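Structural overview for review
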Amino acid sequence: MCFRRCVIMALSSCLLWNTFGLSAAMDSKPNILLFLADDLGIGDIGCYGNHSIRTPNIDRLAREGVKLTQHIAAASLCTPSRAAFLTGRYPIRSGMASSTRYRALQWNAGSGGLPANETTFAKLLQQQGYTTGLIGKWHQGVNCESFNDHCHHPLNHGFDYFYGMPLTLRNNCQNNKSLDLDPVLQAKFWFYTQIIFLAVLTLTAGKLTGLIPIRWKIIACFTLVGSLFFISWYSSYGFVQHWNCILMRNHDVTEQPMRLDRTAVLMLKEAISFIKRNRHGPFLLFISFLHVHTPLFTTAKFLGKSHHGLYGDNVEEMDWMVGKILDLLDKEGLRNHTFTYFASDHGGHLEAQNGSAQLGGWNGIYKGGKGMGGWEGGIRVPGIFMWPGVLPAGTVIDEPTSLMDIYPTVVHLAEGILPRDRVIDGRNLMPLLQGTTQKSEHEFLFHYCGSYLHAVRWHQKDSGAVWKAHYVTPVFHPPGAGACYGKRICPCFGEGVTHHDPPLLFELSQDPSEAKPLSPDTEPLFDTVIRRIGRAIEEHRRTLTPVPEQLSVSNVVWNPWLQPCCGTFPFCWCDKEGDSTQIL
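Computed from a prediction, not measured in an experiment: that's the story for all the values here.

1. Description of the UniProt feature "transmembrane region" (unreviewed entry) in the protein
Taken from the UniProt record, the annotation "transmembrane region" (unreviewed entry) applies to residues 189-206 and 218-240. The annotated region residues 189-206 carries 100% helix and 0% strand content, and the separation between its end C-alpha atoms amounts to 26 Å. This span, residues 218-240, is 91% helix and 0% strand, and a straight line between its end C-alpha atoms measures 34 Å.

Here it is, written out as structure tokens:
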């Protein structure tokens, strides 16, 4: 009898402790820690099936939390995907979807960016008493009309603290790397420049030998025109490393150009410092990794350590950084009071190669990759959540979710109110993550390539089917290759795409790799599904309102008067970081 009473008391105590622990975790606003990788493929980490790259710390998040297997980016390229992540809205609603071949911001000195009238989750959490920080990549613009108006800057979008790159990594940021900023256009500029100066030399030689009767004034004019043409384009493209590859702390430029050999350590130190300063919370920390975007600069400690070359080394370094931050949460006693999330902004970059070496990610069984608006490989990304005591550990959810869902989810956790003057496309994930509901709130997800709708996903909840209709697909090169090799990225329109009427239809729960398109002969519901998706497209388009296009050519070109500079323009060189090369 005594034994039974002891057992009952022990079980009751355990139940009360669990209930109290859950209640305590939910009673106050949690800290929010968001990790977002750059160009990471869903097949690049261990918990999603990779056996050649070691990612024990990201895997730990999945083991102790919730893993999503159908987590979808709102765009397959950096700038629009991150705009959707920050605002909870399709990028076409904010003007961050492009109708030109420039689908991401190209320069720090461009005038485009996330409009000031967009409300980010950081701004809403700031209003709820959170201290908000962004460490890493921004890629949402800096200035509008002058070099210091900071209209698109993170501090103008709800972040109290910013340290990182206002743009993004490029090969141009590292010496001896092939150029990846408009290489075709640069080649044309060089060609035209050479033609002009060859003409000048020919005319000069003809004048001196008397073979060409021409005035020196005309030769001088040709020379002046050629010189002005050369200066006009080389002043931007010739100094990309100085104009684009910079680090900022809040509004101040601290490195111009960046020293890539210590960037990872600087980012990690800043993240650790932010958490320590704000450990009494609540805080929002958005760690927006520069990893694993080319040029894949990796510190010596990790070079040659993976079984997947330089790309694998870079992934493993990022995982180490995640581990350091998780260890700090444990050390500071914040682990059980922090809502942690890990994802990638879009799929891996298949076309990133150096000879036979693959410099981009692996998207597992999914077709396509970065830049492809419809195929799963470009938009299906890792999605992992951890909040001990609140989210059930070891859970796997195979329901359609979106990076846009982070917006309403964290606003809900912060006890904030969503804007009522605009459409919010994301959905609060907490009921799904906690298991109080089994179905995603998303019925339709619209997959854009720039401003062009390429595909639509229909989650038919009554049957569990996930239909996907492709209206436009990129033309792979070579045919059947699964990517646009020979180009930097697949196009969204023009001769590089194929339009499908009727659309290609797949049932993703049966064919996740989109290998076998259905037809009216093989699928009795084909016409019904296509009609229903067509009506959804019409309804969706009725919710769109015209907005200025932030990625128009005029908004993405280099404007010298908008250039962030730590000196007196054009003498923009500085290193305010001192000796920060020690590995943590």
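2. Looking at the nonpolar core
Counting 55 residues, the largest nonpolar core has Phe35, Leu40, Leu285 and Phe342 as the members making the most contacts within it. Taken together, the elements giving at least two residues each to this core come down to β1 (31-37), α2 (56-63), β4 (161-165), α9 (260-277), β7 (283-288), α10 (309-331) and β11 (380-386). In terms of residues, this core owes the most to one element, α10, which gives ten residues. Not counting residues within four places of it along the chain, the set of residues in contact with Leu285 comprises Ile32, Leu33, Leu34, Gly133, Ile135, Ala271, Phe274 and Ile275.

3. Details of the sheet that holds strand β16 (residues 465-474)
Strand order across the open sheet formed by four strands is β14-β15-β16-β17, with antiparallel pairing between neighbours. Of all strands in the sheet, those bounded by a partner on one side alone are β14 (444-449) and β17 (497-507). Geometrically, the sheet is characterised by an average inter-axis angle of 15° between neighbouring strands, direction not taken into account. Two elements, strand β15 (residues 452-460) and β16, share six bridges in a ladder whose sense is antiparallel. Considered in β16, the bridge of Ala455 is made with His470.

4. Observations concerning α2
The periodicity of an α-helix, 3.6 residues per turn, causes residues three or four places apart in sequence to face the same way. Burial of α2 is extensive: six of the eight residues sit out of reach of the surface. Residues of α2 that are buried: Asn57, Ile58, Asp59, Arg60, Leu61 and Ala62. Contacts from the buried residues of α2 go to β2 (66-72), α10, β8 (338-344) and β11.

5. Points about the environment of Thr294
Take Thr294: it is sitting in the loop between β7 and α10. Accessibility expressed as a relative area gives 12% for Thr294, which makes it buried. Expressed as a C-alpha distance, the spacing of Thr294 and Ser344, which sit 50 residues apart in the sequence, is 15 Å.

6. Details of the pattern of salt bridges
Note on pairing: side chains with opposite charge can pair once their charged atoms come close. Counting across every chain of the model gives 26 salt bridges. The partner of Asp327 in a salt bridge is Arg60, and the shortest N-O contact between them spans 3.9 Å. With a gap of 267 residues between them, Asp327 in helix α10 and Arg60 in helix α2 connect regions that are remote in the sequence. Overall, Arg60 belongs to the buried group, its relative accessible area being 13%. The shortest N-O distance in the salt bridge between Arg532 and Glu443 comes to 4.0 Å. With Arg532 in helix α14 (residues 526-542) and Glu443 in the loop between α13 (430-434) and β14, this pair connects stretches of sequence that are 89 residues apart.

7. So, the state of the cysteines
Evaluated as defined, the whole model comprises six disulfides. The partner cysteine of Cys144 in its disulfide is Cys151, sulfur to sulfur 1.8 Å. Between Cys144 and Cys151 the sulfur-sulfur dihedral comes to about 95°; the bridge is accordingly right-handed. On the basis of relative accessible area, Cys144 is assigned to the partly exposed category, the value being 28%. With a relative accessible area of 13%, Cys151 lands in the buried category.

8. Observations regarding the confidence of the model for the protein
The predicted model of the protein averages 92 in pLDDT, with 93% of residues at 70 or higher. Low pLDDT, under 50, characterises residues 1-24; the stretch is placed with two contacts to residues that sit more than four places away or in other chains.

9. Some remarks on the packing of α2 against α10
Running from amino to carboxyl end, α2 crosses α10 at an angle of 55°, the nearest separation of the two axes being 7 Å. Judged by the angle between their axes, α2 and α10 are oblique. Two secondary-structure elements touch here, α2 through Pro56, Asn57, Ile58, Arg60 and Leu61 and α10 through Met318, Asp319, Trp320, Val322, Gly323, Leu326, Asp327 and Asp330. A class-by-class count of the residues in the contact of α2 with α10 yields seven nonpolar, two polar and four charged.

10. A look at unusual backbone geometry
Here the residue pair Gly281 and Pro282 is connected by a cis peptide bond, since its omega of -5° sits within 30 degrees of zero. Following the sequence through the fold, Pro282 ends up in the loop between α9 and β7. Of note, the amide linkage connecting His291 to Val292 takes the cis form, showing an omega dihedral of 5°. Secondary-structure assignment places Val292 in the loop between β7 and α10. At Glu415, a residue that is not glycine, the phi angle is positive and equals roughly 65°. Structurally, Glu415 is set in the loop between α12 (406-413) and α13.

11. As for the domain arrangement of the protein
Frequently, the measure chosen for interface size is the accessible area that the parts lose on association. Looking at the protein, the domain boundaries give domain 1 (31-56 + 72-169 + 245-442 + 555-575) and domain 2 (183-238). Using C-alpha coordinates to define each centre, domain 1 is positioned 45 Å away from domain 2. Counting residues at the interface gives four residues for domain 1 and four residues for domain 2. The junction of domain 1 with domain 2 conceals about 310 Å² of combined surface from both sides, 70% of it contributed by carbon and sulfur atoms. Viewed at the interface, domain 2 and domain 1 are joined by zero salt bridges.

What counts as what
- Each chain carries its own residue numbering, running from 1 in the written order of its sequence.
- Per-residue local features of the predicted model are confined to residues with pLDDT of at least 70, and side-chain atom pairs are confined, for both listing and counting, to 80 or more; whole-chain, interface and lining totals are unaffected and use all residues.
- Here the side-chain values reflect all heavy atoms present in the structure, with hydrogen atoms and water set aside.
- UniProt positions are given in the numbering used here, feature names are shortened, and annotations may be inferred rather than shown by experiment.
- Counting from the N terminus, the helices are DSSP H or I runs at least four residues long and the strands are E runs at least two residues long.
- The definition of a nonpolar core used throughout is a set of buried Ala, Val, Leu, Ile, Met, Phe, Trp, Tyr and Cys residues joined through side-chain atoms within 4.5 Å.
- Residue exposure (1.4 Å probe, protein chains only): buried if accessible area is under 20% of the type maximum, exposed if over 50%, otherwise partly exposed.
- Note on definitions: a residue-residue contact is assigned when non-hydrogen atoms from the two residues lie within 4.5 Å.
- Being paired, for any two strands, means DSSP has found at least two bridges between them.
- Each axis is a line fitted through C-alpha atoms, taken for helices only over the stretch in contact, and angles between the N-to-C directions span 0 to 180 degrees.
- A carboxyl oxygen of Asp or Glu within 4 Å of a side-chain nitrogen of Lys or Arg is what we treat as a salt bridge.
- Counting rule for disulfides: a pair of cysteine sulfur atoms within 2.5 Å.
- Residue-level confidence of the predictor is summarised by pLDDT, bounded by 0 at the bottom and 100 at the top.
- The labels follow the angle: roughly parallel below 35 degrees, roughly antiparallel above 145, roughly perpendicular from 65 to 115, and oblique for the rest.
- Under the scheme applied here, ten amino acids are nonpolar (Ala, Val, Leu, Ile, Met, Phe, Trp, Tyr, Cys and Pro), four are charged (Asp, Glu, Lys and Arg), and all others, including Gly, are polar.
- Throughout, the edges of the domains are those of an automatic or database domain assignment.
- In this description, buried area is defined as the sum, over both parts, of the accessible area (probe of 1.4 Å) that is lost when the two are combined.

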